[in-house]
Amino acid sequence: MDHWSAMRPTLRIILTLGLVVTLAAGPSLAAQSGTSSALSGTVTDSTGAVVPGVTVTVASTKTQVERSMRTDADGAFLFLQLNAGSYRIAAQAVGFAAAEQEVMYAGVPVRLDFRLATEGIRAEVVVNAQDLDATAPTHIDITPEQMERIASQSVSSPISSLITLTTPGVAADSNGSFHPLGDHAEASFVIDGQPITDQQSRTFSTQVSLNALQSMEVREGAPQADVGDKTSLVVVARTRSGLDQRRPTGAVSVSRGGFGTSQVSAGVGWGTARFGSFTALDGMNSGRFLDAPELVALHANGNAQNLIERLDYRVTPQTSLQLNTGLSRSWFQTPNTLDQQAVGQNQRQTIVSFNIAPSVLHTFNSAAFSQTNLWVRQDKIRYRPSDDLLADTPATLAQTRRLTNAGIRSEFTYSRGRHTAVAGAEWKHTFLSEQFATGLTDASYNSPCLGVDGAPSPDRSLTDPAQCAAVGLAINPGFLPGLLGIDLTRQGTLFNFKGYADVKQEAIFGQDSVRLQDFTFNLGLRFDNYNGLTSSHALQPRVSAAYTASRLHSVFHVAYSRVFLTPYNENLIVASSEGPGSAAEALGAAGSAVLRTGRRNQFNVGFETQVSKLLSLSSEYFWKFTYGAYDFDVLLNSPLTFPTQFRKSKIDGALFRASVAPTHGFAGYVTVSHVRSRLFGPETGGVSFSAPYSNVARPDHDGGLSMNVYARYQVGQRGPWAGVSYRYDGGLVAVAVPTFATALRLTGDEQAQMGLYCGSGFASVSQPIRSCAGALGATRIRIPAAGTENDDRNPPRIAVRNMVDVSVGEDDLFRREKQRIGVRVDVVNLLNVDGLYNFLSTFSGTHFVAPRSVTAQVRYTF
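Predicted, not measured: the structure shown is a model, and the values here were computed from it. Every chain is numbered independently, its residues counted from 1 as its sequence is written. In keeping with the model being predicted, local features are shown solely for residues with a pLDDT of at least 70 and side-chain atom pairs are shown and tallied solely at 80 or more, while totals for entire chains, interfaces and linings include all residues. Side-chain metrics in this entry use all non-hydrogen atoms of the structure; hydrogen atoms and water are not considered.

Participant: I'd like to hear about the packing of aromatic side chains, residue by residue, with values.
Facilitator: Pairing of aromatic rings covers Phe, Tyr and the six-membered ring of Trp, with a centre-to-centre limit of 6.5 Å; geometry is then stacked below 30 degrees between planes, edge-to-face above 60, and tilted otherwise. All told, the structure shown has 20 aromatic pairs when counted by the stated rule. Taken together, a centroid distance of 5.2 Å and an interplanar angle of 45° make the contact between tyrosine 560 and phenylalanine 603 tilted. Here phenylalanine 603 lies in strand 32 (residues 598–610) and tyrosine 560 lies in strand 30 (residues 554–565), a separation of 43 residues in the sequence. Exposed residues in this analysis have more than 50% of their type's maximum accessible area, buried residues have under 20%, and partly exposed residues fall in between, with area computed by a 1.4 Å probe over protein chains only. For tyrosine 560, a relative accessible area of 23% gives the class partly exposed. Taken together, Phe204, Tyr568, Tyr630 and Phe632 form an aromatic cluster joined through their ring pairs. Only lysine NZ and arginine CZ atoms are considered, and such an atom sits over a ring when it is within 6 Å of the ring centre and within 35 degrees of the ring normal. Its guanidinium or amino end placed over the ring of phenylalanine 259, arginine 288 lies 5.8 Å from that ring's centre, counting from NZ or CZ. Over the aromatic face of tyrosine 669 sits the side chain of arginine 657, whose NZ or CZ is 4.4 Å from the ring centroid. Secondary structure elements follow DSSP: runs of H or I no shorter than four residues count as helices, runs of E no shorter than two count as strands, and numbering proceeds from the N terminus.

Below, the structure is given as structure tokens:
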């Protein structure tokens, strides 16, 4: 049965369920994590009594389009699906003076409380951006200005870079990867209500374009009942809409930067009060598409194209339909090391992705609304080896992988009095297809013998450790005899693998936030059922309590969450192979087992405080205890990575953020975090090619201390602006070089990458260091002194990095009516730091941060 034939029953189920829910629009299922009350509030009189029947009007100051509604019996009003921008809000009723207020909506829920007075007396309007909403999860709001102006440290994954530079507790990694709050990749995205829990780094998928987004909210506190699966970090984003535009509006930008990087972006929206269309188009080409394993970018070209279309249609004032579609393609080379470049390695990868996601939003009244999302999305990845397989080193790889995910989610939100309740359900079906062929091409990678210098012998005639003594060599303790069958340098043959599987997941959830004077209690319960290569289910209580100290303008909270974890879908089939005839046996793995679901107990405690109108502070401490914790490993040092599982993990960390609201042209924030991640053996799932972890160890996504500082200044409302971003990274764990003795056995190229030196001499490709009588050290890796290394308390780490980025611009260089031309210049890595992201990582290998690069952009807005 082919892939699409297998999907047809699932698509029929999704479409049928979607039609039923859409027609019913009932309160049993409904509006979702990605939908928020954009603008809401109440209207009272001078005594505090609610005033029903008041006409509330919201009008865009840019387009002058108006929307109106009447307050309900509780004096409440609610407006959803607003575009980011400035709005004029007015409340008017017979016998009362009109009240009006201008507010800036930046994708963050805003609440306005009107207190009407009799005619002739000024009314009072209180605006609350809900920064201290005790019912909301702990989160970071990334403003539209920050999305547009913070320079990206990743050419191909700007969203990952933005999250890393704005959010405490996020460790930066190469190629658009980031490690959220001590986990490898337990992060999910919610785009206009559509959940995406598969990995979104550049080598796995294609991220949604920043050009298409109007707001981003990063949730890093205790997960509430409406989110499941990957919950360490939840990114809730809303796309731009063409509703209420009246005439086409948008922007076109062209940029050129270092490494021959060129980019063109365009976004245009248009529509009426009932129909809207927004189109985003991006194209990019770069000579350093992925992060390189050397200071210079060798064989690192790549390009990407993205097309996103959002259509909106208001069937009635209460019901809106939305359709998100996306199509993207990227082609890029796998960057070479100096050794690989010398032999002509030419590995390439393509990713083609599409997404189709209709949804319906229905507002019952000012207290209740529902949203239903349906979607089908796919990532198709093809990895191509060199034409000459022996030019690939240390292994050749050809791979075709496809991940297709279809589902439906519906959620209902009700808020009245002291209760804010959410209830919903989710069903999704993921189809996996994995095919690859691999073989060893480097005779020294799995040599049975070590040379006199301690390095593996490249002698291809050696196939058995018993041969070593006869030729004056030592036995290699790392030799894996099972790999001889696929060692192409020793008459082995390619190993071919083909596998298909599907994963079904269902969830139902409910939560009620109850306000009792200064206390707020969040009582949630979630049930998940998983049916993939293994089957399991779990009931998960999610509870929290918050106390609002009004005099201190602060909220203190504590929470407990039970979380049901499921395996990563990327290369899950090969990772779960076991038994006679399996891929694990054929590849000579030291061990293998099917990956199973995990369980987590999470505890959070923290506070948020509004020190003044300009300064806000937040802090969080968390503990995560996981049974069946996931990590990633790599197949034969090739680009084929797959999930693994360990007996348990313990993760804890402290997060802090201080934000300064715009004042006299200044704005900014500071984040500081320290996260500790510990894995406890043995390995219980996945394929293992290496020696088992010690009883407790720090994985290579343990990030330690990190800090972000961002400050910007703008002259007047529309004058020139400048922004400075500073990033401190304490360094990921470098598990591959626990001691200097290990470093001395590496190749000359690998030693040069880590900056290994003996006295005043540095290792090079042609002159590796095999022994040292003087001072032995490394500039890019911190290796513990002899006898002090401890996998838990004193592991080796990537050296500390201090990165500074600068942006300057003028948005109104030329202006005429509603058209303007702006320019900007970004300098990434201003100090030209030559640090590493990682080194011989079990997940992705070795990668350098990008050297200093300058990018100039011209932008036309209309």
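Moving on from the model shown.
Participant: With reference to specific residues and values, describe the pattern of salt bridges.
Facilitator: A pairing counts as a salt bridge when a side-chain nitrogen of Lys or Arg comes within 4 Å of a carboxyl oxygen of Asp or Glu. What the rule picks out here adds up to 37 salt bridges. A salt bridge links aspartate 74 to arginine 416; its shortest N-O distance comes to 2.8 Å. Of this pair, aspartate 74 sits in the loop between strand 3 (66–70) and strand 4 (76–79) while arginine 416 sits in strand 23 (residues 395–416), and the two are 342 residues apart along the sequence. The exposure class of arginine 416 is partly exposed, given its relative accessible area of 33%. Residues glutamate 411 and arginine 409 are paired through a salt bridge, measuring 2.8 Å at the closest nitrogen-oxygen approach. Classification of glutamate 411 as buried rests on a relative accessible area of 2%. Since its relative accessible area comes to 2%, arginine 409 is described here as buried. A single salt-bridge network, built from bridges that share partners, covers Asp229, Lys230, Arg409, Glu411, Glu426 and Lys428.

Participant: Hey, could you go over the state of the cysteines for me, with residue numbers and the actual values?
Facilitator: When two cysteine sulfur atoms lie within 2.5 Å, the pair is treated as a disulfide. Per the counting criterion, the structure on display carries two disulfides. The partner cysteine of cysteine 449 in its disulfide is cysteine 468, sulfur to sulfur 1.9 Å. Its S-S torsion of approximately -90° makes the covalent link between cysteine 449 and cysteine 468 left-handed. Highlighted residues: cysteine 449 in strand 25 (residues 449–450) and cysteine 468 in the loop between strand 25 and strand 26 (474–475), separated in sequence by 19 residues. In this model, cysteine 758 is linked to cysteine 772 through a disulfide, with the two sulfur atoms separated by 2.0 Å. The chirality of the disulfide connecting cysteine 758 with cysteine 772 is right-handed, given an S-S dihedral of about 90°.

Participant: Report on the sheet that holds strand 9 (residues 139–142), specifying residues and quantitative values.
Facilitator: DSSP bridges decide pairing: two strands pair if at least two such bridges lie between them. Judged by pairing direction, the sheet is mixed, and its five strands sit side by side in the order 9-14-15-12-13 without closing on themselves. Each edge of the open sheet carries a strand with a single partner, namely strand 9 and strand 13 (194–196). Averaged over all pairs of adjacent strands, the angle between their axes in this sheet comes to 20°, without regard to strand direction. Bridge count between strand 12 (residues 187–191) and strand 13: three bridges; the pairing is antiparallel. When the bridges of strand 13 are listed, valine 190 appears paired with proline 195. Note on contacts: a residue pair is in contact if any heavy atoms of the two residues lie within 4.5 Å. To get an axis, a line is fitted to the C-alpha atoms, and for a helix only the part in contact is used. The angle between two axes follows their N-to-C directions and goes from 0 to 180 degrees. This element, helix 3 (residues 158–166), spans strand 9, strand 12, strand 14 (213–219) and strand 15 (233–239) of the sheet and lies at about 50° to strand 14.

Participant: Residues and numbers for the environment of aspartate 74, please.
Facilitator: With a relative accessible area of 34%, aspartate 74 lands in the partly exposed category. Along the chain, aspartate 74 and alanine 786 lie 712 residues apart, while their C-alpha atoms are 71 Å from each other.

Participant: Tell me what's going on with the sheet that holds strand 6 (residues 99–105), and back it up with residues and numbers.
Facilitator: Note on sheets: strands pair through backbone hydrogen bonds, and any given pair is parallel or antiparallel. Strand order across the open sheet formed by four strands is 3-2-5-6, with antiparallel pairing between neighbours. Either end of the sheet is taken by a strand with one partner, and the two such strands are strand 3 and strand 6. Within this sheet the neighbouring strands show an average axis-to-axis angle of 20°, counted without direction. Bridge count between strand 5 (residues 85–92) and strand 6: seven bridges; the pairing is antiparallel. In the sheet register, alanine 90 faces strand 6, and the bridge partner there is glutamate 100.

Participant: So what's going on with the environment of proline 168? Which residues, and what values?
Facilitator: With respect to the secondary-structure elements, proline 168 resides in the loop between helix 3 and strand 10 (170–172). The exposure class of proline 168 is buried, given its relative accessible area of 1%. As a C-alpha pair, proline 168 and isoleucine 140 span 28 residues in sequence and 9.1 Å in three-dimensional space. Discounting residues that sit within four places of it in the chain, proline 168 has contacts with Ile140, Leu181, Glu220, Leu655, Phe656, Arg657, Thr671, Val672 and Ser673.

Participant: Tell me what's going on with the pairing of strand 24 (residues 419–440), and back it up with residues and numbers.
Facilitator: The buried fraction of strand 24 amounts to 18 of the 22 residues, a majority that puts the element mostly inside the structure. Pairing between strand 23 and strand 24: 22 bridges, direction antiparallel. Looking at the pairing, threonine 413 lines up with valine 422 of strand 24. When strand 24 meets strand 27 (residues 495–516), the two strands line up antiparallel, connected through 20 bridges. Note on strand 27: the bridge partner recorded for threonine 438 is phenylalanine 495.

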